[in-house]
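The chain contents come next:
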Amino acid sequence: MKRTFLVLVLLALPALAARKPGAPLKPGLLNAFSKQQDVQMGQEAAAQVRQQQAILNNAFLKAYIDKVGLRIAETKEAKASGFPFSFEVVADPTINAFALPGGPMFIQTGLLAAVDNEAQLAGVIGHELSHVILRHGTHQASKATGLQMIAGLAGAAAGQGSIMGQLAAAGIGLGANSVLMKFSRDAETEADALGSHLMAESGYDPKEMARFFAKLSADGGARGPQFFSDHPNPENREQAIDLEVNTLPARTYGYQSGDFARMKTEVAKLPKVAPKPAAGAAPANTTAAPVTPDTNVSTTLKTATGQGFSISYPDNWQAYGENTVGLTVAPKNGVLSGGAVGLGVILNLTPNQPGKTANLTTDTAALLTQLKNDNPNMKVKANSVRTTVGTRAALQTVLTSNSPYGGEEQDTLLTVATSKGLISIVFVAPQNQAAAMQTNFARMVRSIKLPQ
Ligand SMILES: [Zn+2]
């Protein structure tokens, strides 16, 4: 079950038609983070990367990527973003580069060795900076985390804590497949388009970006598997970039810093090092083994409080989003990397619109519609029936959807209309655990306290 209740309103906006070449490129509307939080998150994440990756200490190469990178960062659209871009070289023969939210960019020496000309390097930098400018990382993190994080994140932005720490608590790290750095094909197409603008303005031929990606994707992507794992290759990439560039004012290309040949010589002289396993730094608790939830349920309970509601849960489980309108309780590995809940309970308050009161029947129907939009595989297994939570009238609806562990999951949704708004409580379990969890879930239902 994806936890995206707050953002459902935005998700319900009509899907945008495919973008025409030359049309404006703007960050997605759905973003739970402020631009300052992008910057804070990027700086925290960059500090982790510097601890876990070998930052190259080579004054010439650092000055060289600064020269090319800052030329791209000084373009009109990059400057207008206000993000503080920075560039570092990682001693790693993998052909890759990545940018973190808010501006820090890391370029592997393998990429420097692979580019045929400076425009190709500028193309990768322009593409990565475009992901930053268009805020693709935090847009995706917003889709993955939903409401639970937001109050906590606002506190983090005010200097009360670490955003990466908050994300890590929800199972989102910087490792391979992190939502912060693994982009959708649509995001790739946008980053190509904006990247081509940045290149053109800097005097680099934008077609070299497409040529470099085509070179990496030749032989089934054998040369750039890491890059394409994080940046899926859109179809007709070269043609799309051509169409985009045709909408820009005519310019002459062919800018050269003059240092490309020396860069190649310096890179060739570097001592050989073994490739790192992943593009970003892996959080300490990440393992490659398939994740399974801890189904060992303690019968000793402790209590977590949201905004006006509380639930008691097994004391070997963990609570996320306490004191906010969204609260999740889950066992170890109940919340997966990416933020999906595979085993646990998600409680949410959807506050009433000003001047409106919650209506159990219509608000539950609206919520079900929104959940179906957000979880395309979701099905209603049993229609809503009347029940109670404590003394309060409630509706219970049994749903099924795809489990993040594989196979099917059962989601039992309870909704209650309160003076503060509709409260929804989703009990999530893989289908093969649903029966075993019944006693535990029933105990938790009895413990729920709600506002009037
Ligand atoms: Zn990309």
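Everything quoted here is computed from the prediction, not taken from an experiment.

Trainee: Would you take a moment to explain the nonpolar core for this structure?
Mentor: Generally speaking, soluble globular proteins have nonpolar side chains that are buried together. Formed by 52 residues in total, the largest nonpolar core has its most connected members in Phe-85, Leu-111, Ile-125, Leu-129, Phe-212 and Met-263. In terms of residues, this core owes the most to one element, helix α6 (residues 118-133), which gives 8 residues. Once you skip the residues sitting within four places of it in the chain, Phe-212 turns out to touch Ile-95, Leu-111, Ala-114, Val-115, Gln-120 and Val-124. Within the second largest apolar cluster, 27 residues are counted, among which are Trp-317, Val-329, Leu-347 and Val-416.

Trainee: Whenever I open this one, helix α10 (residues 185-202) confuses me. Can you help?
Mentor: The periodicity of an α-helix, 3.6 residues per turn, causes residues three or four places apart in sequence to face the same way. Spanning 18 residues, α10 covers 25 Å between terminal C-alpha atoms, matching the ideal 26 Å at 1.5 Å per step. The buried fraction of α10 is high, at 13 of 18 residues. Gly-203 lies just past α10 and shows a positive phi near 90°.

Trainee: Is there a simple way to explain the environment of Lys-143 in this structure?
Mentor: Examined against the element boundaries, Lys-143 turns out to sit in helix α7 (residues 136-145). On the accessibility criterion, Lys-143 (38% relative accessible area) is partly exposed. In the structure, Lys-143 is positioned 113 residues away from Leu-30 in sequence and 7.6 Å away in space, judged by C-alpha atoms.

Trainee: Would you mind going over the sheet that holds strand β7 (residues 326-330) with me for this structure?
Mentor: Strands belonging to one sheet form pairs held by backbone hydrogen bonds; the direction of such a pair is parallel or antiparallel. Strands sit in the order β6-β7-β8-β12-β11-β10-β9 across an open sheet of 7 strands; the sheet is antiparallel. Either end of the sheet is taken by a strand with one partner, and the two such strands are β6 (318-320) and β9 (379-389). Adjacent strand axes in the sheet meet at a mean angle of 20° when their direction is disregarded. One ladder, built from 8 bridges, connects β9 with strand β10 (residues 392-402); its direction is antiparallel. Bridging from a neighbouring strand, Val-380 pairs with Leu-399 of β10. Against the sheet, helix α17 (residues 438-447) engages β7, β8 (344-351), β9, β11 (408-418) and β12 (421-430), with an angle of about 165° to β12.

Trainee: Looking at this structure, how should I read the coordination of the zinc ion?
Mentor: In this structure, His-127 (NE2), His-131 (NE2), Glu-188 (OE), Glu-188 (OE) and His-231 (ND1) serve as the protein donors to the zinc ion, at separations of 1.9 to 2.4 Å. Motif for the zinc ion, donor spacing along one chain: H-x3-H-x56-E-x42-H. On the criterion of helical spacing, the pair formed by His-127 and His-131 is a turn pair, its members being 4 residues apart in helix α6. Neither His-127 nor His-131 differs from the other in exposure class; each is buried.

Trainee: Help me out: how do you make sense of the pattern of salt bridges in this one?
Mentor: Proximity of charged atoms lets side chains of opposite charge pair with each other. Tallied over the full model, the rule gives 13 salt bridges. Arg-19 is the salt-bridge partner of Glu-244, the closest N and O atoms lying 2.9 Å from each other. Of this pair, Glu-244 sits in helix α13 (residues 237-246) while Arg-19 sits in the loop between α1 (8-11) and α2 (35-52); the two residues are 225 residues apart in sequence, bridging distant segments of the chain. For Arg-19, a relative accessible area of 31% gives the class partly exposed. Measuring nitrogen to oxygen at the nearest pair gives 2.5 Å for the salt bridge that ties Glu-208 to Arg-211.

Trainee: Explanation requested: the packing of aromatic side chains in the structure shown.
Mentor: Aromatic rings considered in pairs are described by the distance between their centres and by the relative angle of their planes. Scanning all chains against the criterion turns up 7 aromatic pairs. Ring geometry for Phe-60 against Tyr-64: centres 6.3 Å apart, planes inclined by 15°, an arrangement best described as stacked. In this pair, Phe-60 and Tyr-64 are both assigned in helix α3 (residues 59-73), 4 residues apart and thus about one turn of the helix distant. Judged by its relative accessible area of 1%, Tyr-64 is buried. One aromatic cluster in this structure is built from Phe-212, Phe-213, Phe-227 and Phe-228. Between Arg-71 and the ring centre of Tyr-255, over which it is positioned, the NZ or CZ distance is 3.4 Å. Residue placement shows Arg-262 over the ring face of Phe-60; its charged tip is 4.0 Å from the ring centre.

Trainee: Help me understand α6 in this model?
Mentor: With 16 residues, α6 extends 22 Å from end C-alpha to end C-alpha; this agrees with the ideal 22 Å at 1.5 Å per step. For α6, the buried fraction is high: 16 of the 16 residues fall into the buried class. A side-chain oxygen of the first residue of α6 lies 3.2 Å from the backbone nitrogen of Ala-119; this N-cap is Asn-117. Downstream of α6 by a residue or two, Arg-135 has a phi angle that is positive, lying close to 55°.

Rules used throughout
Residues numbered from 1 in each chain as written. Predicted model: local features only at pLDDT ≥ 70, side-chain atom pairs only at ≥ 80, totals over all residues. Heavy atoms only, no water. Core = buried A, V, L, I, M, F, W, Y, C linked by side-chain atoms within 4.5 Å. Buried < 20%, exposed > 50% of the residue type's maximum accessible area, 1.4 Å probe, protein only. Helix = DSSP H or I, 4+ residues; strand = E, 2+ residues; numbered from the N terminus. Contact = heavy atoms within 4.5 Å. Expected span 1.5 Å × (residues − 1). Pairing = 2+ DSSP bridges. Axes fitted to C-alpha atoms, helices over the stretch in contact; angles between N-to-C directions. Donors = N, O, S within 2.8 Å, 3.2 Å for Na, K, Ca; no water. Salt bridge = Lys/Arg side-chain N within 4 Å of Asp/Glu carboxyl O. Phe/Tyr/Trp six-rings, centres within 6.5 Å; stacked < 30°, edge-to-face > 60°. Lys NZ or Arg CZ within 6 Å of the ring centre and 35° of its normal. Polar contact = N/O pair within 3.5 Å; in protein donor to acceptor, adjacent residues only side chain to side chain.

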